[in-house]
Amino acid sequence: MPKVNKQKKRKAANLVTKVPSSRAASRGGLWPLVIGIVIAVTAVAVGVVVFGRRHVNTPLGVPPVISPNMVNTTEYQLRLWGTYRSNVYFGVRPRLPKSLIAGMMWFSYNSHDHSIRHSCEHGDKLPRYGWLQHDGVIFGNQEIVDHGFTLSTQFVKGSHDSWTARISGQASIQRPQLISLILYLYNEADGSSIQATANSKQAVTQVTGETVKIGRYRVTFSETVQKQSVFNYLVTEAPGADQLATIVKQLFRQTPPPYEGWPMLATLPGSVDYFPSGGNTVPNLVAYQVTTSFPFTVEMAFESGDHGDMVSQPPLLMGTQLTQLLDVLSTQFNDQFEKVFHMYSNNFTDEQVNFAKAAFSNLIGGISYFYGSSRVQSPDLTQPVDYWPTPLYTGVPSRSFFPRGFLWDEGFHQIVVAHWNIDITKVRAILCII
């Protein structure tokens, strides 16, 4: 056989390996195309998500329904303060975001765990609680029936920037009982000041402070309690209104019985730093604790004014003056209820009329103020997103089960409220659409 030159063989082999096949060439050329398509699809998907998110929570590009000038009107100021915290057994706040709020807690020494009553909870198993009378603007009378005693909370406004709350307790059983009532003031706004003044018995007589939107304010406490009573207070910082009861319970200290026959007490420690490792060290919470037996009465009167000029404010609405005004407003409520709903003229009994008053009062007394962002869903998104922050002035379907606004229910609420006071309906309709 003829011999093949080895050098020519190697050259031929090199030529073969250097020339790619048409299949290999097409496969190598597709990879950049595939990667480009993936990148493009990903970019489009991200763009859709971003556009969908921005599209969902973009405010309507028109002037707001409520202007700053409307907020300063007499009509708006008349409804500035109210029992607008329906999720707690008793609470007061203004229709302002990040502002001063007030409320009440209590616990009985008849229970083994000293469970604090604060927010309306099914688990508290209270026999009954709710408003007996409430006009939606300046007056409310509530009854809270606990195991072995009844609390009465009454609220009245003296003017647009002053109000008074009276909390009374009456035993429903004969054996001796002790209760700890805690009234508190909490500043939601960062950097706002609040101070407490206590006497030699550790009873808080006054709380003063200042916020940007309210200005300077003063809260005065007065109590009519049994001779054997113990007073304590707490001044500290809290991270949020939803943590108030937790902080109070965590800071309780055990105190030996001050009187014969009394148990060990759970009392507040005075001024403490809730964040010893750092954080916000400016106090924003004052809680005043009264431990006493029944019967008792405690009042707290709020006043505010421009530049803190309390001298020009009306006299403190407390004591006998408060009692007289509450009697007048109660009579006015009963008269207006009959004028609007004509129940006696339609031969309803006292029991039926009182039931109707309670049902109506819980409807209108459940009106609350909220500020925050609603959660909304879009077909372009897999998870809900936040709307822009906005106020909401609305009734609630249930103080314990659903203490927030619900548009479907609100339509039915207005059928009744509009008959009682059309101005309340107008304001709620405006605030529900901004």
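Residues numbered from 1 in each chain as written. Predicted model: local features only at pLDDT ≥ 70, side-chain atom pairs only at ≥ 80, totals over all residues. Heavy atoms only, no water.

(A) Region of the structure containing the sheet that holds strand E8 (residues 179-187). An order of E1-E2-E3-E8-E16-E12-E15 is seen for the 7 strands of this open sheet, with the pairing classed as mixed. Looking at which strands have only one partner, the edges of the open sheet turn out to be strand E1 (81-82) and strand E15 (270-271). As paired elements, strand E3 (residues 100-108) and E8 share 9 bridges and run antiparallel to each other. Across the sheet, the residue bridging to Phe 107 is Ser 180, located in E8. (Pairing = 2+ DSSP bridges. Helix = DSSP H or I, 4+ residues; strand = E, 2+ residues; numbered from the N terminus.)

(B) Up close: the sheet that holds strand E10 (residues 204-211). The 8 strands lie next to each other as E4-E5-E6-E7-E17-E11-E10-E9, forming an open sheet whose pairing is antiparallel. Looking at the sheet topology across the chains shown, the edges are occupied by strand E4 (128-134) and strand E9 (193-198). The sheet shows a mean angle of 15° between the axes of neighbouring strands, direction not considered. Where E9 and E10 come together, 6 bridges link them in antiparallel fashion. When the sheet's bridge partners are listed, Ser 193 is paired in E10 with Glu 210. (Axes fitted to C-alpha atoms, helices over the stretch in contact; angles between N-to-C directions.)

(C) Focus on the layout of surface pockets. Estimated volume of the second largest pocket: approximately 790 Å³. Lining the second largest pocket are 41 residues, and of these Arg 93, Ile 101, Glu 188, Ala 241 and Asp 242 lie nearest its centre. Listing elements by their share of the lining of the second largest pocket, those giving two or more residues are E8, helix H5 (244-250) and strand E18 (368-372). Counting residues per element, the lining of the second largest pocket draws most heavily on E18, at 4 residues. Grouping the amino acids of the lining of the second largest pocket by side-chain chemistry returns 19 nonpolar, 13 polar and 9 charged. (1 Å grid on protein atoms, 1.4 Å probe; cavity = no way out; pocket = protein on both sides within 12 Å on 5 of 7 lines; lining within 4 Å. Points joined across faces, edges and corners; volume = space filled by probe spheres on them. Nonpolar A, V, L, I, M, F, W, Y, C, P; charged D, E, K, R; others polar.)

(D) Looking closely at the pattern of salt bridges. All chains considered together, the criterion is met by 7 salt bridges. Between Asp 146 and Arg 117 there is a salt bridge; the shortest N-O distance is 3.0 Å. Here Asp 146, found in strand E5 (residues 139-146), pairs with Arg 117, found in the loop between E3 and E4; they are 29 residues apart in sequence, far enough to count as distant. Each member of the pair, Asp 146 as well as Arg 117, is classed as buried. Here Arg 375 ties to Asp 386 by a salt bridge, and the two come within 2.9 Å at their closest N and O atoms. Linking Arg 375 in strand E19 (residues 375-376) with Asp 386 in strand E20 (residues 385-386), this pair joins segments that are 11 residues apart in sequence. Classification of Arg 375 as exposed rests on a relative accessible area of 54%. Linked through salt bridges whose partners overlap, the residues forming this network are Arg 117, Asp 124 and Asp 146. (Salt bridge = Lys/Arg side-chain N within 4 Å of Asp/Glu carboxyl O. Buried < 20%, exposed > 50% of the residue type's maximum accessible area, 1.4 Å probe, protein only.)

(E) Region of the structure containing empty space enclosed by the protein. Counting across every chain of the model gives 2 cavities of 30 Å³ or more. Every residue lining the largest cavity is listed: Trp 81, Gly 82, Thr 83, Tyr 84, His 134, Gly 136, Val 137, Phe 155, Ile 364, Gly 365 and Ile 367. Broken down by secondary-structure element, the contributors of at least two residues to the lining of the largest cavity are E1 and helix H7 (350-365). The residue inventory of the lining of the largest cavity, partitioned by class, reads 6 nonpolar, 5 polar and no charged. When its volume is computed, the second largest cavity comes out at roughly 40 Å³.

(F) Here's a closer look at the pairing of strand E6 (residues 149-159). Where E5 meets E6, 8 bridges bridge the pair, whose relative direction is antiparallel. Within E6, the residue paired with Ile 144 across the bridge is Leu 151. Two successive antiparallel strands, E5 and E6, enclose a turn made up of 2 residues, where Gly 148 displays a positive phi of approximately 100°. The pairing of E6 with strand E7 (residues 162-171) spans 10 bridges and is classified as antiparallel. Each bridged residue has a counterpart across the sheet, and for Gln 154 the counterpart in E7 is Arg 166. Between E6 and E7, which pair antiparallel in sequence order, lie 2 residues.

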